[in-house]
Each structure stands twice: as structure tokens, then as C-alpha cells.
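Tertiary structure, described
Chain by chain, the residues:
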Amino acid sequence: MAQWTERELWGWGRYPRVPARVGRPERRSEVMAAFADRDASGLLAHGLGRSYGDAALLRDGKVLLTRRLDRMLAFDPETGWLRCEAGVSIEDILETFVPRGWFPPVTPGTKFVTVGGALACDIHGKNHHVDGCWSNHVRRVELLTASGDVVICDAQNEPELFKATVGGMGLTGLMLSMEVQLVPIHSPWIEMESVRVENLDHFFEVSAESADFTHTVSWIDCVTTGKGMGRGIFMRGRHARPHIDGNEGVVGVAKDVLAPFLDVPVDGPSWLLNKASIKTFNEVYFRRHPKGSHESVVHFEPFFYPLDAIRNWNRIYGKRGFLQYQLVVPREPDHRSLRAVLEAITSSGMGSFLAVIKEFGAQDNGGLSFPMPGVTLALDFANYGDPLLALLDRLDRIVVEAGGRVYLGKDARLEPDTFRAMYPDWKAWRDVRDTWDPTGVFRSDLGRRLGLCMGGV
Amino acid sequence: MTTLVLGATSRIAQQIAQRYAESGDKVFVAARDVEEAERIAADLAVRHQVKALAGRFDALATDDHSGLIDHVEAELGPVTTAILAFGDMGDQDRSQESFADAKRVIDVNYTGAVSICEALAAKMTSRGAGTIVGVGSVAGDRGRKSNYIYGSAKGAFGLYLQGLRNRLHSEGVHVMTAKLGFVDTRMTYGMATKIPVASPEAASAAIFEAARRRVDVLYYPSFWRAIMGVIKGIPEKAFKRLSL
């Protein structure tokens, strides 16, 4: 018998929060029991809850927490192929495999995501321009489909279902396990270089000359206007070559000692992040870095997961939560759309506390997968309510006009028409989904909002 | 070194198995749900690069118990640590209505445990070494109307382990009783409680460490020793009127 408990669920942005009946299976038989216990309100998997908006939420529906379905099933040390259950996290993979010289092929800015979530959102990382997305390293998925059949799909068997599951936001079925190929590394160290970029044009210059770095990302100041618009700190790196050795040093040791205390245990007050504090933060962050570039060897943790060191950092935004807006636009010679976006933000007075910018590579997986060739910009906004929603609508129009799109894994507010303009493959994707789930067993609030599944618009 | 985990599909048992595999032990994962046990064994082998196998264990099938141990020892060598993590809380109301239900709860938690422990004790005493860890419950410390069928079986199991510890002490075999309070498992999932709930990871680490230090009786979380001390201290005259 499946156990359900009534509780509120939310994503990493803590907006929105919705009630659901939540189950937490620990065994395959319990997954099957929960599936058998489904009703007309639908069913959805929820991993570590690091999608920001409502992708992993289902108001009044049945939601299955997958975190305890976390068994690693097989690993081939010759090739790096790992078969594991969907609730295994990137953190689990790092803990197990970094000491043995393997690394996840792609990682987002937090290690607290499950591989199921990684495939459902087709996540990307700092190496997108070289290695594409998570799904480009996954060859097979075991999926509990709406009929109750467990289907193992890959490029040969049910390729359409496999493709629709990539970036499919968990709406094609419940992922049970997958096969992902890890990449070999020599050490936990990263050869890193940071470059202070003075404005948007400079960012593109530095980005262009970073071709021999496998990992690039840039923090961008979203407050400063005029000549310094788009200034920031560009970070580029690669897994260290065999002869390069790092040293954690005093800072590393201090961090390990402090780790248990780096937490935001309560909600921040609503005034904490305001126009002035955001401006000051951005100024200090920029000035802290000397002009020009700086080389170092760093541990992979601070390089990939700087914010993971502070648990519950999302609470600094207070009770109201926050929204993340991540867009991609095709590259334009004058970067017109990006400038328009930055101008719209600065003139709104609603600053983004933390923003990053990166050039994607050529890999575009179609369907609902987000990355496409172009430039991506990710912005965090405290939940200012209607004025913010109006600003994001304005940004949507700029993005659509440029032929770009926003990332569904971070979304909580996109309109269905805008979504359709951004993801022209949506109809074909939905046809595949409907074939496998004609009665709408798998649902999410995001899916209902955007017309991706039954029970919505 | 070989660890045998009985009733291995619970989250706590799985996490205990992780700790022993991490320390380099070969692990045999035994449970009623063999398919699930195989997944857990695979996980131990991948994560810790140790040999891990799975097989069927049913506490009620007492005729098979010594055969299981022979099989484990043939495959992985002498069992150095055995973890008894199986149990069945049953349902108090159903146990009251049907003796068959009550008997199943008693047999899983007590009769079956005695059966497998005796088989293990015979092997371990012949070698003069080994550790048996019985995972019990604070429910076995005092009978209460809300779960006394389960509680009495766990209580009997606790008494049994006391006697076994007494008998095996001079034989070089250690017996530990682990009494768990609220741990965040299937049993407590969704339960509203003001008492802090421990994670299975923390509980398993505590059990692993205590077994190493040859602790006799472990309460985890440790404040449960005090809680149960108070509960045990209430005179029966007053206790019988309470709703706990």
C-alpha cells in the first residue's frame, strides 16, 4: 500500500508553494504500488527540488519524491558507463567517482540535483560549448510509462520516447534508471583563469579567445549602465592535466571547518536585498578582482559549486521567494537583444543579485531542451510581485523577437503562447507524449500552465 | 570480513550495509524482496568496490535459516558481522482482531529472529569471533495499548539478546542491541511529531560505530534512553490510565 502525506511543496525559488499528496518510495515495489494508487489528479516525480519554479510541483496531485531511489546498478571502469537509478545525485557521483578518476560529463551550478532531474531538464553546464547537455551523455533510460509498462528506450528502441524524455520535464513517464557516461579526470583540481571583463563587447572578445578552455562562465553585473554595461568576471578552466597539482591551502581547510555553519537557517528579511545592497554587492565583487587576468589551480568544488557551500542560500530572499529567469538568444553582431534586456532590467530598478552569462556551443537537442547556439543569461530576482512579472513579460518579448527562449527548469510564470513561440517543436513533442500517455497520468503545474499535459489550458 | 544484513531493504539496513562496505567488508544482502536486494548489492559493489551478493531471507521460513548462512559463508567466507534489521510493525487493531495477524508479527520479530540468531551463534562460537547486531525498538521497553503486540515481540527479542550476549560473551562473540527511536523511514514517514527525527544515515553511522566499540545496548538517538527511562519509571498504577 502506498503512503501519501499532505504537505506543501516548492522549488528552489520557493515560489510558488503548492499543496500535494506526497509519497516517498524506497523500493521498486513501492514505486509500482504508488503508480497503481494514482488517481485523476495525476502523478509526478520530484527529485531534489532544485528546479526553481513549478516544474516539479503538482497542485493537489500525487508527487513522488525520488531521492531514496538512489542505487548505482553497474559501472564499467573501461568505458565510464554508469547505470543508476533516477534518484542518484551528482553529489553521489562525485563522492563515489572523483577518487577513482571520473567526473560527471556535465554538471549544473549545484551538485544537489538528481540524474532524473538532470535528464528531465536536459541540464547544461560550463562545458556546453564543448560537450553539449546531460542527455548527450546518456544512452538509455528505463521509464515507467502511463500504461504501467516499463520501457527501456534509447536510440534504437522507442527512439521517439527517448528523445521526448530528454528535456521532457518528467511528463513522459517516471524515470527508473539511466545509463550515463562519466568522463576521466586526473585529479580533483581545475586549472582556472579569471579575467575581468570591462563591458559586453569585451565579454565576447574574451569568450572568443577561450576556445582551448573546456569550461567557461562569466558573472555579469546587471546594475551598471553606460560604458561599463555588461562588465563582469569571466571564469574559464579545464580539468587539471596530470602534472598540475593543487593545494587546498588555508582557505580550503577553513572552508571544511566552517562548512557545517555555512547555512541560512531562517528567511532573510525582505529589505535585505534592495537596490542599494545589490548595487554595492556588484561593485565590490567587480572591484575585488584586479584588472586583467589571474591564473590559479582550484578544487572542483568552489569552481563548479560556489553556492553549495552555503546551504539554503535561497532563503536570503526571504519568505516571498525569488524567480530565476534564464534566456538564450542567437548571437547578434551588435548584441542588440542582450543590451535591450540589460537596459530593461536597470531601468526597472529591480536588480538581479546574481547573474551569469555564457556562450552556448552548437549542440541543440530540439524538443523542449533549452540550450541552442547563442548566448545565455541567467538572472535572479527577488519576488517583487506584479512589477517583476511585468518586467519578465517585457524580457519575454525581447527574447521571442530575437528567436530565443527561456529555460523551463527555472520558470514559474511563462504564458503558453510565448512558450509556443519559443519552442516551435512543442507540438511534435506533445504528440509523442500524448501517444504514450493518452489519459494524462503524468502532469505538473508547469505542464498544465504551458499546455504540455492534460488538466491545463 | 563479511557482513550479513538481514532484512536489507529498509533504508536503515541499506545505510548500515553502506557503512560496512565502505570499511571494506564483503556484504551479503538478504531480504524477502530478492530483486530489491540485488539492486542494493549492486549499489554496494559499485560505490565501494567490494564483493556484494543478494539472496532470499524470510524470517518466517525458519527451516531455511541455517542453509542461508551456509550459502553466505560458501560464497563470501565466515560471517564476521550479522545485522538483524528485519521487522514488521503490523497493525495493532488487526492484531487484536485476528490472532493470525498477531502471530505473524510475533513470529517475524521474535521467533524468526531467535531462529537466525541461534544459527549465527553456532557458527560464530565455533570460530570464537563475530558480532551480532539486533535492531530493536524503544517500543519493546514498555507495553502500551497502541502497539503492544509489536512491542512485546521486540521486548522479547531484547530479552533474548540479553541472554545471548551473556552466553556468547565468554565465547568471544559480541551481541549488540540497538534500540531506535524515531528515524526518518517508511515507518515514520508523514508522522507528525514534536520529537526530532533522526536520519537513517546518522542512525546507521551510530550503529556501525557502536558495534565497533562493542557497545551492549545502544539507544539512538541517545536521548531516547532518558525518555524510556522516564516511561519505564512510571508506576503501573498510573501507567495503565495513560494514553501513550
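What counts as what
- Residues numbered from 1 in each chain as written.
- Chains lettered and ligands numbered in written order.
- Predicted model: local features only at pLDDT ≥ 70, side-chain atom pairs only at ≥ 80, totals over all residues.
- Heavy atoms only, no water.
- Salt bridge = Lys/Arg side-chain N within 4 Å of Asp/Glu carboxyl O.
- Helix = DSSP H or I, 4+ residues; strand = E, 2+ residues; numbered from the N terminus.
- Buried < 20%, exposed > 50% of the residue type's maximum accessible area, 1.4 Å probe, protein only.
- Domains from an automatic or database assignment.
- Contact = heavy atoms within 4.5 Å.
- Buried area = accessible area lost by both parts, 1.4 Å probe.
- Polar contact = N/O pair within 3.5 Å; in protein donor to acceptor, adjacent residues only side chain to side chain.
- Pairing = 2+ DSSP bridges.
- Axes fitted to C-alpha atoms, helices over the stretch in contact; angles between N-to-C directions.

1. Description of the pattern of salt bridges
Residues and elements named next belong to chain A. As enumerated under the stated definition, the model contains 57 salt bridges over all chains in all. Put simply, Arg236 and Glu193 hold a salt bridge, and the shortest N to O gap is 2.7 Å. One end of the pair, Arg236, is in strand β14 (residues 232–239); the other, Glu193, is in strand β12 (residues 189–197), with 43 residues separating them in the sequence. Accessibility assignment for this pair places Arg236 and Glu193 in one class, buried. A salt bridge links Arg448 to Asp445, with the shortest nitrogen-to-oxygen separation between them at 2.8 Å. Of this pair, Arg448 and Asp445 both sit in helix α14 (residues 445–450), three residues apart, which is roughly one turn of the helix. Since its relative accessible area comes to 16%, Arg448 is described here as buried.

2. A closer look at the domain arrangement of chain A
Residues and elements named next belong to chain A. Domain assignment breaks chain A into domain 1 (72–185) and domain 2 (189–414). Put simply, the middle of domain 1 and the middle of domain 2, counted by C-alpha atoms, are 25 Å apart. Each partner contributes residues to the interface: domain 1 has 28 residues there, and domain 2 has 26 residues. With both sides pooled, the region where domain 1 packs onto domain 2 buries about 2300 Å², and carbon together with sulfur makes up 61% of that total. Put simply, Lys111 and Glu301 hold a salt bridge, and the shortest N to O gap is 2.9 Å. Where domain 1 touches domain 2, the interface holds 16 residue pairs in polar contact (both at pLDDT 80 or more). Looking at the side of domain 1 that touches domain 2, the elements that each hand over two or more residues are α2 (90–97) and α4 (128–131). A total of three residues in the side of domain 1 that touches domain 2 trace back to one element, the largest contributor, which is α4.

3. Some thoughts on the sheet that holds strand β3 (residues 52–56) of chain B
Pairing between sheet strands relies on hydrogen bonds along the backbone, with the strands arranged either parallel or antiparallel. All names here are of chain B. Overall, parallel pairing links the seven strands, which are arranged β3-β2-β1-β4-β5-β6-β7 in an open sheet. Of all the strands in the sheet, the pair left with one neighbour each is β3 and β7 (217–220). Taking each pair of neighbouring strands and ignoring which way they run, the sheet shows an average axis angle of 15°. Running over the sheet, helix α6 (residues 148–169) touches β4 (81–84), β5 (130–137), β6 (173–180) and β7 and is turned about 155° from β6.

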